[in-house]
Amino acid sequence: METSSHYPMESMDVALKKVVDAARLLEEEEIDVSSSIGRIASRPVYASHPFPPFRASIKDGYAVRCSDCPGELEISCAVRAGNSPLKALPEKTAAYITTGSPVPDGADAVVQVEDTHLFPSQGRTVVQTSRGPIPEVGDIVKFLRAVNPGEDIRPIGCDIESGTVLLEENEEITSVTLGLLSAFNISTVFVTRRPVVALFSTGDELVNFGERADPGQVVDSNRPMLKAMVEQLGAVVLDGKVLRDSQEVLDKRILEIVSTADVVITSGGVSMGSHDLIKPLLERHSSKILFGRLCMKPGKPTTVAIFEGKGRNGRNCIFFGLPGNPVSCNVTSNLFVAPVLLKMQGKKSPGFPRVKASTTPKTQHAQIMGLTNIIQCRLEGSAISLDRTRPEYHRVTVRVDENGQYHCASTGQQASSRLLSVRRANALVEVPKGEGTIQPNETVWALLLDLPGHSLFHVS
């Protein structure tokens, strides 16, 4: 009976490169702008006209010719927001104008009401407000100071020129972007299709959430955790529930869902036990196994394979066989699944930023998968022990104090079954293999888990 794995131990850097290189950009689709928040644009969008499209008043006041001020002028027309001037401003007159309204031709400045005095025409009913009487055509306005050309007027296109890029290719659409597109009456946008991810948990000891756990059974926590994570990353989930440790059941359920998915993720069944059946399944049916063991802790048995041309729309399907221990599942999904889903959607620089954590005042600069970040941080609290055989991804909380100094501290006992150690973790410290410990104030590397809706820093 074989008691050792025939898969070589793959280094993290090599394994991550293999996985990200295997990911391909998905097809584009045209969707309604109102439902585009969080999606990744597949084409740039340009301004079809200048904004504002007309000369607009910055304040409530009077449109005038600078040459007529100071002095007294009769109000010849009123221009309010939403209306266009009916004609050019007559000579030696003023136009009452409200904020955002088009400035009539002939006027070259706007004078705010605070710099004027109104004399209502005789015999009319005067409507008073907290700012004085409401001006009407025929009233006389006294201008109390000289005015400069262009004063309190927004020129055509001063905010956005025609042809300006409103949305770049591979840019995530935000609420601000949506506002910009709406201002130009753009109703649809081309985005990259959401990845479809099929999720399974495997194991006779598991029951689905909401079901009763008999003696010897536990409620599956991996699949709900993975579902929430991949949905945060923009994917659509096909929930395959819990699968029993049966080769027949696994083959049938997993192979029939591969054709509908871009990514399949299983948790459990990738180690060396007699009921660990995922690797044998992949050896029989996948096109290529990228790796079957990782030189990391936790997550050593992680397995990734490719089903070439057998996925959704005839594309490749990437299969992630993640460990069943909850922490191992969480760590490996953050390190490997997340970059793949981001790349499939066209997200710029997929991956997580690796940042230097140090007590020294000098700035450190590092990159992983094209992302950069710069912080200074110091290990505090307990020392971190090294593992002799494998580098470890130690869960920590990164925070910033009132002086702007970054700190990181262990979340506690790091057993791969202890999901509580992940609850407050917003980073993974890369602990190299070796002997001894990393003491507080020593230099460490931290992979920041900057997922949507996840607070990166806790402020003390």
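Whatever comes next refers back to the structure up there.
Residues numbered from 1 in each chain as written. Predicted model: local features only at pLDDT ≥ 70, side-chain atom pairs only at ≥ 80, totals over all residues. Heavy atoms only, no water.

Participant: Pulling in residues and values, what's your account of the pattern of salt bridges?
Facilitator: Summed over all chains, the structure comprises 26 salt bridges. We note a salt bridge from Arg124 to Asp139, for which the minimum N-O separation is 2.6 Å. Of this pair, Arg124 sits in the loop between β8 (116-119) and β9 (128-129) while Asp139 sits in the loop between β10 (132-133) and β11 (140-143), and the two are 15 residues apart along the sequence. Between Arg145 and Glu151 there is a salt bridge whose closest N-O contact spans 2.4 Å. Each member of the salt-bridge network shares a partner with another, and the members are Asp220, Arg223, Asp239 and Lys241. (Salt bridge = Lys/Arg side-chain N within 4 Å of Asp/Glu carboxyl O. Helix = DSSP H or I, 4+ residues; strand = E, 2+ residues; numbered from the N terminus.)

Participant: Can you break down the nonpolar core residue by residue, with the values?
Facilitator: One recurring pattern in soluble globular proteins is that nonpolar side chains are buried together. Ranked by size, the top nonpolar core spans 44 residues in total, and within it Ile265, Ile318, Phe320, Leu335 and Phe336 carry the most contacts. Of all the secondary structure elements, the ones that give two or more residues to this core are α1 (12-22), β15 (196-202), α3 (222-232), β19 (263-267), β20 (288-291), β21 (303-307), β22 (317-322) and α6 (326-344). Top element by residues in this core is α6. It accounts for 11 residues. Phe320 has contacts with Val19, Val263, Val264, Ile265, Thr266, Thr303, Val304, Phe336, Val337 and Val340, leaving out every residue within four places of it along the chain. Listed in part, the 18 residues of the second largest apolar core include Leu250, Ile257, Leu277 and Leu281. (Core = buried A, V, L, I, M, F, W, Y, C linked by side-chain atoms within 4.5 Å. Buried < 20%, exposed > 50% of the residue type's maximum accessible area, 1.4 Å probe, protein only. Contact = heavy atoms within 4.5 Å.)

Participant: Could you give me a rundown of the sheet that holds strand β4 (residues 61-64), with the residues and numbers involved?
Facilitator: Strands sit in the order β7-β4-β6-β5-β11-β8 across an open sheet of six strands; the sheet is mixed. On the outer flanks of this sheet lie β7 (109-112) and β8, each paired with one strand and no other. The average undirected angle you get between the axes of adjacent strands in this sheet is 40°. Summarising the sheet, strand β5 (residues 71-79) and strand β6 (residues 93-97) pair through five bridges and their orientation is parallel. By the bridge assignment for β6, Cys77 is matched with Ala95. (Pairing = 2+ DSSP bridges. Axes fitted to C-alpha atoms, helices over the stretch in contact; angles between N-to-C directions.)

Participant: An account of unusual backbone geometry is needed here, citing residue identities and associated values.
Facilitator: In this model, Cys69 is joined to Pro70 through a cis peptide bond whose omega is -5°. With respect to the element layout, Pro70 can be found in the loop between β4 and β5. Here the amide bond leading from Lys297 into Pro298 is cis, since omega sits at 0°, within 30 degrees of zero. Residue placement: Pro298 occurs in the loop between β20 and β21. In this structure, Asp152 is a non-glycine residue whose phi angle is positive, near 55°. Along the chain, Asp152 turns up in the loop between β11 and β12 (153-154). Overall, Asp152 belongs to the buried group, its relative accessible area being 15%. Positive phi is not limited to glycine here, since Asn313 has a value of about 60°. With respect to the helices and strands, Asn313 occurs in the loop between β21 and β22. Here Asn313 falls in the exposed class, since its relative accessible area comes to 55%.

Participant: Summarise the side chain of Thr303; cite the residues concerned and give the values.
Facilitator: Examined against the element boundaries, Thr303 turns out to sit in strand β21. Look at Thr303 and you get buried, because its relative accessible area is 0%. Here the side chain of Thr303 touches Pro301 through a polar contact of 3.0 Å, landing on its backbone oxygen. Each residue touching Thr303, except ones within four places of it in the same chain, is listed here: Val270, Lys279, Leu282, Ile289, Phe291, Gly292, Phe319, Phe320 and Gly321. (Polar contact = N/O pair within 3.5 Å; in protein donor to acceptor, adjacent residues only side chain to side chain.)

Participant: Got a sec to walk through the packing of aromatic side chains? Specific residues and values, please.
Facilitator: Using the criterion set out here, one finds five aromatic pairs in the structure. Judged by centre distance (5.9 Å) and plane angle (50°), the ring pair of Phe51 and Phe184 falls under tilted. With Phe51 in the loop between β2 (45-46) and β3 (56-57) and Phe184 in the loop between α2 (175-183) and β14 (188-192), the pair connects residues that are 133 residues apart, well separated along the chain. Assessed through its relative accessible area of 28%, Phe51 is described here as partly exposed. Judged by its relative accessible area of 6%, Phe184 is buried. An angle of 50° between the planes, with centres 6.2 Å apart, marks the rings of Phe307 and Phe319 as tilted. Residue Phe307 is found in strand β21, and its partner Phe319 is found in strand β22; the two are separated by 12 residues along the sequence. Of the two residues, Phe307 and Phe319, both sit in the buried class. One aromatic cluster is present, built from ring pairs that chain together Tyr62, Tyr96 and Phe143. (Phe/Tyr/Trp six-rings, centres within 6.5 Å; stacked < 30°, edge-to-face > 60°.)

Participant: With reference to specific residues and values, describe α6.
Facilitator: Here α6 contains 19 residues, and its C-alpha end-to-end distance of 25 Å stays within 8% of the 27 Å for a straight helix at 1.5 Å per residue. Maximal helix bending in α6 amounts to about 40°, located at Ser333. In the segment just after α6, Gly346 is the residue with positive phi, at about 85°. (Expected span 1.5 Å × (residues − 1). Bend = angle between axes of the 7 residues up to and from the residue.)

Participant: Describe α1, and please don't skip the residues or the numbers.
Facilitator: Among all positions of α1, only Met12, Ala15, Leu16, Val19, Val20 and Ala22 are buried. Angularly, the buried residues of α1 cover 160° about the axis, an arc narrow enough to put them on a single face. Looking at α1, the residues exposed on the side facing more than 90 degrees away from the buried face are Asp13 and Lys17. (Arc of directions from axis to C-beta.)

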